2 protein chains.
Amino acid sequence: MVKVGVVLCGCGRFDGSEVHESVLTLLHLARGGAEWVGLAPDTAQWAVCEHFGGEVQAGEDRNQLQEAARIARGEVAPLAQVSAADLDALILPGGSGAARNLCDFAERGGDGAVLPELATLLRSLHAARKPIGAICIAPAILALALGPHRPRLTLGPSSSGPALEAARTGAEMVDCPVDGVVVDEAQRLVSTPAYLRGPGIAEVDAGIGKLVAQVLAWCRR
Amino acid sequence: MVKVGVVLCGCGRFDGSEVHESVLTLLHLARGGAEWVGLAPDTAQWAVCEHFGGEVQAGEDRNQLQEAARIARGEVAPLAQVSAADLDALILPGGSGAARNLCDFAERGGDGAVLPELATLLRSLHAARKPIGAICIAPAILALALGPHRPRLTLGPSSSGPALEAARTGAEMVDCPVDGVVVDEAQRLVSTPAYLRGPGIAEVDAGIGKLVAQVLAWCRR
């Protein structure tokens, strides 16, 4: 059975993983007959935010792995304990937490860096030609980790601030609708804008369904 | 457009709403062309649990409405502010948090009581013949609120402890597989066992899809 890691970083769009994108990824993997395992850093979130407007709650503290277990029903392992040999593919859901916990793209844009254990995992998977899918803002993580390889990715509108920042890494940023995917066939990378475009869960689900199908198709080729 | 309330009570199976069941409910409502609004008590959760084994974390405190906003992307209103006239239907996802935050079924079984504002809302909707759907352990809430009307419901295996407790209210508890629903046509109630049976998100999704379709069919009849 194909085994796919799903990188989580908390539970909630502002301080962790976007909940809908994460759950829909798990849904399509299960429907597609794949085994999934959640992976998350066993460290504190960048912040704790209330989830109406996203305001940071001073003095609060939550652990990414512990909160990710809410999404993954406990099926989540510390990211640092997993290597490319353990997985057939990797998918990264979005949420602005992903641009702050898993890298510092939200602060430093195209000059940012990826969490070292995730950067290592991504580069190892890429070198082994194992597929990687990235949703919403998470393609920015691929740009930061793999930019010199000129990956073909989307962050929704190609003229948006995040897309222009990601393009500074060397990545080719392509416009894409919410129900579509951008495929880098040569490098086995696939991305979809999800809630970067919205408007709702049904449209986001359509794009994520295509992304997961592409990842599984590569795994089985 | 049909407007359906979705009753949440936090974000996580042990201390709040089961995340998959909640998100899949929103997905099927959106796909079915309905408008949804999350509803949650603006009060503290019964506890905060870690989500590997469910152990209570002493000294921690989270608000049901604030945590539900993580699932609903901020589209959640205080339960006490909504009345039956505002909604065409109501759906209650599960999670053991639902049996502790929204009622005390987990502690008191068939002798339990439902949170007063939710009991009032359920009885008003029922009196107005507006459909109600309940997932996983949440049919126990309908049993406690509507037992004397002898509602036909499921909590998975009809000989399980929870089903036997729920039957003490007067409810008729019917066996049901994970991908099925139990329909009380006369009272416009529909239920599905979801993670009471498992095993995974794809099977749970099949039952929730049928539940939402039944609710929307009643709304449009």
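Preceding block: the structure.
The rules behind each value
- Numbers given to residues run from 1 along each chain, matching the order in which its sequence is written.
- The lettering of chains begins at A and the numbering of ligands begins at 1, in the order of writing.
- Totals for whole chains, interfaces and linings use all residues, but because this is a predicted model, local features are given only for residues with pLDDT of at least 70 and pairs of side-chain atoms are given and counted only at 80 or more.
- As a rule here, side-chain values come from all non-hydrogen atoms in the structure, and water together with hydrogens is ignored.
- We treat two strands as partners when DSSP finds at least two bridges between them.
- A run of H or I in DSSP counts as a helix once it spans at least four residues, and a run of E counts as a strand once it spans at least two, with each numbered from the N terminus.
- Geometry is summarised by axes, namely lines fitted to C-alpha atoms with helices restricted to the contacting stretch, and by angles between N-to-C directions that run from 0 to 180 degrees.
- Whether two residues are in contact is decided by their heavy atoms: any pair within 4.5 Å suffices.
- In these notes the angle categories are as follows: under 35 degrees is roughly parallel, over 145 is roughly antiparallel, 65 to 115 is roughly perpendicular, and the rest is oblique.
- Handedness of each helix crossing follows the sense of rotation of the near helix against the far helix: counterclockwise by less than a right angle gives left-handed, clockwise gives right-handed.
- Gly is put with the polar residues, along with every residue not named as nonpolar or charged; the nonpolar set is Ala, Val, Leu, Ile, Met, Phe, Trp, Tyr, Cys and Pro, and the charged set is Asp, Glu, Lys and Arg.
- Buried area: the accessible surface (1.4 Å probe) lost by two parts on joining, summed over both.
- Salt bridge criterion: a side-chain nitrogen from Lys or Arg within 4 Å of a carboxyl oxygen from Asp or Glu.
- Here a polar contact is recorded for every N or O atom pair within 3.5 Å, except that within protein the pair must consist of a potential hydrogen donor and a potential acceptor, and residues adjacent in sequence are included only if both atoms are side-chain atoms.
- Superposing copies: least-squares fit, C-alpha atoms only, residues required to have pLDDT of at least 70 in both.
- One less than the residue count of a helix, multiplied by 1.5 Å, gives the span that helix is expected to have.
- Note on classification: 1.4 Å probe, protein chains only; a residue is buried when its accessible area is under 20% of the maximum for its type, exposed when over 50%, partly exposed between these limits.
- Here a pair means two rings of Phe, Tyr or Trp (six-membered ring of Trp) with centres within 6.5 Å. Their orientation is stacked below 30 degrees between planes, edge-to-face above 60, and tilted elsewhere.
- Counting as a charge over the ring demands two things of the Lys NZ or Arg CZ atom: a distance within 6 Å of the ring centre and an angle within 35 degrees of the ring normal.
- Handedness of a crossover is defined as follows: orient the strands so they point away from the viewer, and if the path from the first strand over the helix to the second runs clockwise, the crossover is right-handed.
- In plain terms, two cysteine sulfur atoms within 2.5 Å form what is called a disulfide here.

Novice: Explain the sheet that holds strand β3 (residues 76-78) of chain A here, please?
Specialist: The pairing of strands in a sheet happens through backbone hydrogen bonds and is either parallel or antiparallel. Residues and elements named next belong to chain A. Read across the sheet, 7 strands follow the order β3-β2-β1-β4-β5-β9-β8 without closing on themselves; strand pairing throughout is mixed. Lying at the two open borders of the sheet, with one neighbouring strand each, are β3 and β8 (182-184). The average undirected angle you get between the axes of adjacent strands in this sheet is 20°. Where β8 meets strand β9 (residues 189-192), 3 bridges bridge the pair, whose relative direction is antiparallel. In the strand pairing of β9, D184 is matched with L189. Sheet contacts for helix α1 (residues 19-31): β1 (3-7), β2 (35-40), β4 (89-92) and β5 (132-135); angle to β1, the most-contacted strand, approximately 175°. Sitting on the sheet, helix α6 (residues 139-146) is in contact with β4, β5 and β9, with an inclination near 130° to β5.

Novice: Would you mind showing me how to read the sheet that holds strand β5 (residues 132-135) of chain B here?
Specialist: All names here are of chain B. Ordered in space as β3-β2-β1-β4-β5-β9-β8, the 7 strands form an open sheet in which the pairing is mixed. Of all strands in the sheet, those bounded by a partner on one side alone are β3 (76-78) and β8 (182-184). Between one strand axis and the next, the sheet turns through 20° on average, direction left out of account. Sitting on the sheet, helix α2 (residues 64-72) is in contact with β2 (35-40) and β3, with an inclination near 160° to β3. Its contacts with the sheet place helix α8 (residues 201-219) against β1 (3-7), β4 (89-92), β5, β8 and β9 (189-192), and it is angled at close to 170° to β9.

Novice: When you look at the packing of helix α1 (residues 19-31) of chain B against α8 of chain B in this model, what are you seeing that I'm missing?
Specialist: To describe two helices that pack against each other, one gives the angle between their axes and the distance between the axes. Residues and elements named next belong to chain B. At a minimum axis distance of 9 Å, the contact between α1 and α8 shows a crossing angle of 45°. Taken as axis vectors, α1 and α8 run oblique relative to one another. For the element pair α1 and α8, the recorded crossing hand is right-handed. Residue-level inspection shows H20, E21, L24, T25, H28 and L29 of α1 in contact with α8, the latter providing I201, V204, D205, I208, G209, V212 and L216. Of the residues that constitute the contact of α1 with α8, the class distribution is 7 nonpolar, 4 polar and 2 charged.

Novice: How do you make sense of the interface of chain A and chain B when you look at a structure like this?
Specialist: Interface size is often expressed as the accessible area that is lost when the parts come together. The interface of chain A with chain B comprises 32 residues on the first partner and 32 residues on the second. Between chain A and chain B, a total of about 3,000 Å² is buried, with carbon and sulfur atoms accounting for 58% of that surface. Area buried by chain A at its contact with chain B is led by F52, R70 and R73 of chain A, which between them contribute 29% of it. In this structure, the connection of chain A to chain B is made through 8 salt bridges. For the salt bridge of R31 of chain A with D205 of chain B, the shortest nitrogen-to-oxygen distance reads 2.6 Å. One can count 14 residue pairs in polar contact (both at pLDDT 80 or more) joining chain A with chain B.

Novice: Where do I start with the relation of the copies chain A and chain B in this structure?
Specialist: Superposing the two chain copies requires a rotation about an axis and a translation along that axis. Overlaying chain A on chain B yields an RMSD of 0.0 Å, the required transformation being a rotation through 180° with an accompanying axial translation of 0.0 Å. The superposition of one copy onto the other is thereby described by a two-fold rotation axis. Among all residues of chain A, the minimum C-alpha distance to the rotation axis is found for V23 of chain A, at 3.6 Å. By residue overlap, the copies meet face to face through one surface: 100% of the interface positions of chain A are interface positions in chain B.

Novice: Sorry, what's going on with α1 of chain A here?
Specialist: Each α-helix winds once per 3.6 residues, and so residues spaced three or four apart point in a common direction. Residues and elements named next belong to chain A. Between its first and last C-alpha atoms α1 spans 18 Å; for 13 residues at 1.5 Å apiece the expected length is 18 Å, and the two agree. Every buried residue of α1 is listed here: V19, H20, E21, S22, V23, L24, T25, L26, L27, H28 and L29. Looking one or two places after α1, you find G33, whose phi comes out positive at around 80°.

Novice: Even after reading the chapter, I still don't get the environment of R221 of chain B, so can you show me in this structure?
Specialist: Residue and element names in this part refer to chain B. Mapped onto the secondary structure, R221 falls in the segment after α8. By relative accessible area, which is 60% here, R221 ends up exposed. Residues R221 and V48 lie 173 residues apart in sequence; the distance between their C-alpha atoms is 42 Å. Contact partners of R221, with chain neighbours within four places excluded, come to E185, R188 and Q214.

Novice: Before we go on, may I ask you to explain the packing of aromatic side chains in this structure?
Specialist: By the definition in use, this model includes 0 aromatic pairs over all chains. Sitting above the plane of the Y195 of chain A ring, R73 of chain B keeps its charged end 3.4 Å from the centroid. When the ring centre of W46 of chain B is taken as origin, the NZ or CZ atom of R100 of chain B, which lies over that ring, is 4.4 Å away.

Novice: Help me out: how do you make sense of the side chain of S191 of chain B in this one?
Specialist: Residue and element names in this part refer to chain B. Within the secondary structure, S191 is located in strand β9. Taking the relative accessible area as the measure of exposure, S191 reaches 0% and is therefore buried. Within polar-contact distance, the side chain of S191 engages the backbone nitrogen of T154 at 3.0 Å.

Novice: I'm lost on the pairing of β1 of chain B in this one. Help?
Specialist: Within a regular strand, side chains alternate between the sheet's two faces. All names here are of chain B. Counting buried residues along β1, 4 of its 5 residues qualify, which places the element largely inside the surrounding structure. Strand direction decides the pairing type here: β1 and β2, joined by 5 bridges, are parallel. Paired with G5 across the strands is V37, a residue of β2. Running through α1, the crossover from β1 to the neighbouring parallel element β2 is right-handed. In terms of strand pairing, β1 meets β4 through 3 bridges, oriented parallel. Across the sheet, V4 pairs through a bridge with A89, a residue of β4.

Novice: Hey, could you run me through the state of the cysteines in this one?
Specialist: Here, the word disulfide means a covalent bond between the sulfur atoms of two cysteines. Per the counting criterion, the structure on display carries 0 disulfides over all chains. With no disulfide of its own, C9 of chain A lies 9.1 Å from the sulfur of C103 of chain A, the closest cysteine sulfur. A residue is classified by how much of its surface remains accessible, and C9 of chain A, at 0% relative accessible area, is buried. Free cysteine C11 of chain B: the closest other cysteine sulfur is in C11 of chain A, separated by 3.4 Å. Residue classification places C11 of chain B among the buried residues on the basis of a relative accessible area of 2%.

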